[in-house]
Amino acid sequence: MVRKNRLATALTYAFLCAAALVDIIPFVWMILSSLKPQSEIFSFPPSLLPRQFTLRNYTAAWNAGGLNFARMFMNSMIVAVPATSLCILSSSLAAFAFARIRFSGRDFLFMCFVSAIMMPTMMVMIPTFLLMRPFIDTFVPLIARVMFGLPFVVFLFRQFFMTIPRELDDAALVDGYSKLRIWWSIIMPLSKPVVATLVVFVFQQVYNDFLYPLIFINSKSNFTVQLGLASFRGIYATRYDLLMAASVFTLVPILALFVAAQRYFVEGVVMTGLKG
Amino acid sequence: MPNKRKRKEATAAYLCLIPSIIGLIFITYLPLLSVFALSFFNWGSGAPDPKFIGLDNYVRLFTTDPYFLDSLRVTVVFAVLTVIGSMIYSLFIAMLLNRKIPARGFLRAVFYLPYVLPSMAVYIGWSWLYEANFGLFNYFLSLLGAEKMKFIADGRLVVPSLALIGVWLSGNLIVIFLAGLQNVPRVYHEAALIDGANSFQRFRHVTIPCMTPIIFYNLLMALINNMQIVTPALALTNGGPGNESRFITYLMYQSAFINNHLGYGSSVSTVFFVIIAIFTVILFLTSRNWVFYEGDGK
């Protein structure tokens, strides 16, 4: 029985490793291709590893086609950093009210938030565009979309806050703390892991977003990274050497974040699944 | 006195809620209502001021629009293929990951990774794998002695090809399934073992019933997400070849933001909303028959 089990585990393991290898092919192939010169990339059968290793695609792609990746990275950060921080603040405040204060209309309001989670974002693109028309070609619509808090983030914060013992609030009340101060100096410090998870989650969403920039941003100097990459493909549709290098650029911040905060990435999804 | 404190607390609560209620109104509910309202107007190119035209947009959409029926078909086919594919794939991988194996956390991260990558780079990377002459997949096909395929440049293959990317992107489902599997009480499995159930019987009669709430959640979310597919059409195919990847969201984008018919685009949005709502309601209604919640008495 034990031996049979061990064999099954070994087989599972071998299979999983093979599947994991297949799973990262698109990703690895992108990196390998980005390191090959143009003549090699368009050869058939393809070479597995670059025969002629080159970084020229990267230097060429950084500034090609009137697009400037340095500028676009700046723009993406100018959008993502304030959007994420404000989103976390406003969402956690709302969640605090839902989890910790009794007031009339609470359950109804909370239901309104929860139902908004399921709403397809594509649906409301046109009215959102009309509403934000005065701010076309600025970062305002991109930040405004998340800075007031996302229903989903409110929901997850609230679920976590509910697990923090209420006695802490009562003790603080006796000490004369205001509600706001309880939120900031008791609840938030106790919620650090969730805050980290949701920061990663919101940042990734804003940084990866392509639709909002597509609709709201017009001039090249205001392009975010994702919009820039799409426009890059519009110019160099068949230059896969440059395209792969440019794509790798856009992955770097997310990959770095993923490696640094892998735990929080995965944790976020677990929360969404089990408490949804 | 306690009343005064209650009122003070309520005020604090409303203050805390101000930012997110603003967001909820202006980002979600007001646009949602406006989209229904706008769909009854002619507004955009050729009509600078909105003009009420009743149901004309809908009549045009269902009777004369050359793209609408195709876009409905490809959206539903894509969503069904992707949802079925990713549910099977992710449950399977999650079950394998649910054993005691070395480096499980690392493997889980590997399968999850595609989900967090920016979609634009993902689609561009895949378009290179799918490339008709020099792509890696065509190299694999040539090794098998098969003819080269054009994948996303072939009308018959574009939807299955994009669905395969969709399945690959479903790492979030794996993580959720895995967390669910870890919550299946061990005692059930042990009881089944004592009763002499083999591993398939245990999967069928213990794992699956315990997992139904999570299967339901994943099914619903995967369906809503995949119905909204638009990025590959915008980034790679422009709805082609022919109309074979003109997803309904792409049709909406095209009407509203390329052709500048905001009213007409809103009617596409509304129809899209109704379709998603119908799917959701059907799922919820059937769920009564197959989703088991613990302590449900079932």
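Structure: above.
**Q** Help me understand the overall build of chain B in this model?
**A** Per the secondary structure count, chain B includes 13 helices and two strands. Taking 19 Å as the expected radius of gyration for a compact globule of 298 residues, we find that chain B reaches 24 Å, considerably beyond that expectation. Dimensions of chain B along its principal axes, counting C-alpha atoms only, are 85 × 75 × 35 Å. Sorting the 298 residues of chain B into buried and exposed places 52% on the buried side. Once local pairs closer than 6 in sequence are excluded, the contacts in chain B between residues at least 24 apart make up 66%.

**Q** What is the right way to look at the overall build of chain A in this model?
**A** On a plain count of helices and strands, chain A comes out with 16 helices and zero strands. For 276 residues, the compact-globule estimate of 2.2 N^0.38 gives 19 Å, and the C-alpha radius of gyration of chain A, at 24 Å, exceeds that figure by more than 25%. Dimensions along the principal axes, computed over C-alpha positions, put chain A at roughly 75 × 70 × 35 Å. When the 276 residues of chain A are sorted by exposure, 56% land in the buried category.

**Q** Could you clarify how one ought to interpret the packing of aromatic side chains in this entry?
**A** Between two aromatic rings, the relevant description is the distance of the centres plus the angle of the planes. Applying the stated criterion across every chain yields a total of 47 aromatic pairs over all chains. Ring centres of Phe129 of chain A and Phe257 of chain B lie 5.1 Å apart, and the angle between their planes is 85°; this geometry places the pair in the edge-to-face category. Taken as a pair, Phe129 of chain A in helix H7 (residues 125-131) and Phe257 of chain B in helix H12 (residues 248-258) lie in two separate chains rather than in one. Through a chain of ring-to-ring contacts, three or more aromatic side chains come together here, namely Phe44 of chain A together with Trp126, Tyr130, Phe137, Tyr139, Phe140, Phe151 and Trp168 of chain B. It is Arg158 of chain A that lies over the ring of Phe110 of chain A; its NZ or CZ is 4.2 Å from the centre. Positioned over the ring face of Phe44 of chain A is Lys148 of chain B, at 3.9 Å from the centre of the ring.

**Q** Explanation requested: the packing of helix H9 (residues 186-194) of chain B against helix H10 (residues 199-227) of chain B in the structure shown.
**A** Any two packed helices are characterised by the angle at which their axes cross and by the distance between the axes. All names here are of chain B. Relative to each other, H9 and H10 sit at 160°, their axes nearing to 10 Å. On the basis of their axis angle, the class for H9 and H10 is roughly antiparallel. Between H9 and H10 lies a crossing whose hand is right-handed. Residue-level contacts link Tyr188, His189, Ala192 and Leu193 of H9 to Arg202, Val206, Thr207 and Cys210 of H10. Among the residues making up the contact of H9 with H10, the classes are represented as five nonpolar, two polar and one charged.

Thresholds applied
Residues numbered from 1 in each chain as written. Chains lettered and ligands numbered in written order. Predicted model: local features only at pLDDT ≥ 70, side-chain atom pairs only at ≥ 80, totals over all residues. Heavy atoms only, no water. Helix = DSSP H or I, 4+ residues; strand = E, 2+ residues; numbered from the N terminus. Rg over C-alpha atoms; globule rule 2.2 N^0.38 Å. Buried < 20%, exposed > 50% of the residue type's maximum accessible area, 1.4 Å probe, protein only. Contact = heavy atoms within 4.5 Å. Phe/Tyr/Trp six-rings, centres within 6.5 Å; stacked < 30°, edge-to-face > 60°. Lys NZ or Arg CZ within 6 Å of the ring centre and 35° of its normal. Axes fitted to C-alpha atoms, helices over the stretch in contact; angles between N-to-C directions. Parallel < 35°, antiparallel > 145°, perpendicular 65-115°, else oblique. Left-handed = near helix turned anticlockwise from the far one by under 90°. Nonpolar A, V, L, I, M, F, W, Y, C, P; charged D, E, K, R; others polar.

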